[in-house]
Amino acid sequence: MGVTGLGVRAAHTALSGGLALGLLLHPTDLREQVECGELLLPVIFVVLVLSSVLLYFKVSLMDPGFVKSEEEVKADKNEEQSIVIPQVSSSIKMRRCGYCMVKQPMRAKHCQVCQHCVRRYDHHCPWIENCVGEKNHPLFIVYLSIQLVVLLWGGHTAWSGLYFKQSWDWLKHNIFLLMSFILIVIFTIVVLLLLISHLYLISCNTTTWEFMSYHRISYLRHSELENPFDQGVVLNLWRFFCSCHLTAWEKIYFHRNYEPV
């Protein structure tokens, strides 16, 4: 774990814990419920905050799908990887990475920050200090969903403690709730937009990298289909959230490009 990654993760934990604790200690709906002995909602809120922090660390520290050199040897033994590839245009090149010298599966990309090739590379997220790839992308979506619920609940809670008055004394006593509300609104907009964009791309079975760099990716540029991996919304979502093994994208790609019309 690098110094930058440690700092980012510490900042996320401190921010999440500090905001949650502040909302419980200031005169908000949650504090009123605690004082009245109604602990159900405050406990659920705390559990959600802890869950979002634990998911953050899980997504941040887990293997996103790094391509290992041993995959070339295991490819012949793995049923999912041992596929017969039809004759295709020579413009589609399955190349070896020029940085880490491993043979890249289709949809993999080398990350300059992580110094690894990542399977079904989506993007490198500076907030989690890790790549989002085939192995951790589903959990990344779960994390964003829970984080959004926490932010919406936190924003409502902060607003419940604000009673606006035009006085300096009021500002001194409410500065924490006011700043918390503004910060939560900003984070909510970012997380909401990120979640919506990812769900849209997942439903189309494409990645952020493929969407942004379509004309620079050879297997997309030379495909006969606009999106050779799109198998319909239902199957795309099922493969993304329910598949328990890595996917041989070459198999789907060549099957769809060369299936009878």
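The preceding data block contains the structure.
Since the structure is predicted, the reported quantities are computational estimates derived from the model, not experimental observations.

The rules behind the values
- Residues numbered from 1 in each chain as written.
- Predicted model: local features only at pLDDT ≥ 70, side-chain atom pairs only at ≥ 80, totals over all residues.
- Heavy atoms only, no water.
- Helix = DSSP H or I, 4+ residues; strand = E, 2+ residues; numbered from the N terminus.
- Contact = heavy atoms within 4.5 Å.
- Areas by Shrake-Rupley, 256 points an atom, 1.4 Å probe, with all protein chains shown as cover.
- Buried < 20%, exposed > 50% of the residue type's maximum accessible area, 1.4 Å probe, protein only.
- Core = buried A, V, L, I, M, F, W, Y, C linked by side-chain atoms within 4.5 Å.
- Salt bridge = Lys/Arg side-chain N within 4 Å of Asp/Glu carboxyl O.
- 1 Å grid on protein atoms, 1.4 Å probe; cavity = no way out; pocket = protein on both sides within 12 Å on 5 of 7 lines; lining within 4 Å.
- Points joined across faces, edges and corners; volume = space filled by probe spheres on them.
- Phe/Tyr/Trp six-rings, centres within 6.5 Å; stacked < 30°, edge-to-face > 60°.
- Arc of directions from axis to C-beta.
- Polar contact = N/O pair within 3.5 Å; in protein donor to acceptor, adjacent residues only side chain to side chain.
- Axes fitted to C-alpha atoms, helices over the stretch in contact; angles between N-to-C directions.
- Left-handed = near helix turned anticlockwise from the far one by under 90°.
- Nonpolar A, V, L, I, M, F, W, Y, C, P; charged D, E, K, R; others polar.

A. Region of the structure containing the overall build of the protein chain. When helices and strands are tallied, the protein chain shows 10 helices and four strands. When the helices and strands of the protein chain are placed in sequence order, the string is α-α-α-α-β-β-β-β-α-α-α-α-α-α. For the protein chain, the share of sequence-separated contacts (at least 6 apart) that also reach a separation of at least 24 residues comes to 66%. Here the protein chain displays about 14,900 Å² of accessible surface, and carbon together with sulfur accounts for 66% of that area.

B. Region of interest: unusual backbone geometry. Phi at R107 is positive, roughly 80°, even though this residue is not glycine. In this fold, R107 is placed in the loop between α4 (71-74) and β1 (109-111). Given a relative accessible area of 1%, R107 falls into the buried group.

C. A look at the nonpolar core. One finds I128, F140, I141, Y143 and L144 to be the most contacted residues of the largest nonpolar core, which totals 19 residues. In terms of residues, this core owes the most to one element, helix α5 (residues 137-160), which gives six residues. Those residues in contact with F140, other than ones at most four positions away along the chain, are V59, H123, C125, I128, V132, L194 and H198. Residues W209, I217, F229 and Y253 belong to the second largest nonpolar core, which totals 16 residues.

D. Inspection of the pattern of salt bridges at higher detail. Counted according to the given criterion, the structure contains five salt bridges. Note that R31 is salt-bridged to E35, the shortest N-O span being 3.0 Å. In this pair, R31 and E35 are both assigned in helix α2 (residues 29-35), four residues apart and thus about one turn of the helix distant. R119 is paired through a salt bridge with E134; the nearest N and O atoms lie 3.3 Å apart. Of the two residues, R119 is situated in the loop between β2 (116-118) and β3 (123-125) and E134 in the loop between β4 (130-132) and α5; the sequence distance between them amounts to 15 residues.

E. Quick look at the layout of surface pockets. Quantified by volume, the second largest pocket comes out at close to 480 Å³. Lining the second largest pocket are 24 residues, with W127, Q147, L151, F187 and V191 sitting closest to its centre. The biggest single contributor to the lining of the second largest pocket is α5, with seven residues.

F. Geometry of the packing of aromatic side chains. Following the criterion strictly, the structure yields 12 aromatic pairs and no others. Taking the centre distance of 6.2 Å and the plane angle of 85° together, the rings of Y121 and W209 count as edge-to-face. A residue pair is termed long-range when its members are at least 10 positions apart, and Y121 in the loop between β2 and β3 and W209 in helix α7 (residues 208-212) qualify at 88 residues. Of the two residues, Y121 and W209, both sit in the buried class.

G. Here's a closer look at helix α9 (residues 233-242). Those residues of α9 not exposed but buried are N236, R239 and F240. The arc that holds every buried residue of α9, seen down its axis, measures 95°, which confines them to one face.

H. Just the side chain of S52, in detail. Of note, S52 is situated in helix α3 (residues 40-61). Engagement of the side chain of S52 in a polar contact is seen with the backbone oxygen of V49, the distance being 2.7 Å. Beyond its immediate chain neighbours, meaning those up to four positions away, S52 contacts Y143, I146 and Q147.

I. Here's a closer look at the side chain of T157. Counting through the fold element by element, T157 comes out in helix α5. By relative accessible area, which is 1% here, T157 ends up buried. Other than its neighbours up to four places away in sequence, T157 contacts L23, T28 and L30.

J. Structural view of the packing of α3 against α5. In contact at an axis separation of 9 Å, α3 and α5 are set at 145° when each is read in the N-to-C sense. Crossing geometry of α3 relative to α5 is assigned as left-handed. Across the interface between the two elements, L41, I44, F45, L48, V49, S52, L55, Y56, K58 and V59 of α3 pack against L139, F140, V142, Y143, I146, Q147, V149, V150, W153 and G154 of α5. Taken together, the residues of the contact of α3 with α5 sort by class into 16 nonpolar, three polar and one charged.

K. Seen up close, the environment of M179. Position of M179 among the secondary structure elements: in helix α6 (residues 168-203). The sequence separation of M179 and A158 amounts to 21 residues, and the corresponding C-alpha distance is 9.3 Å.

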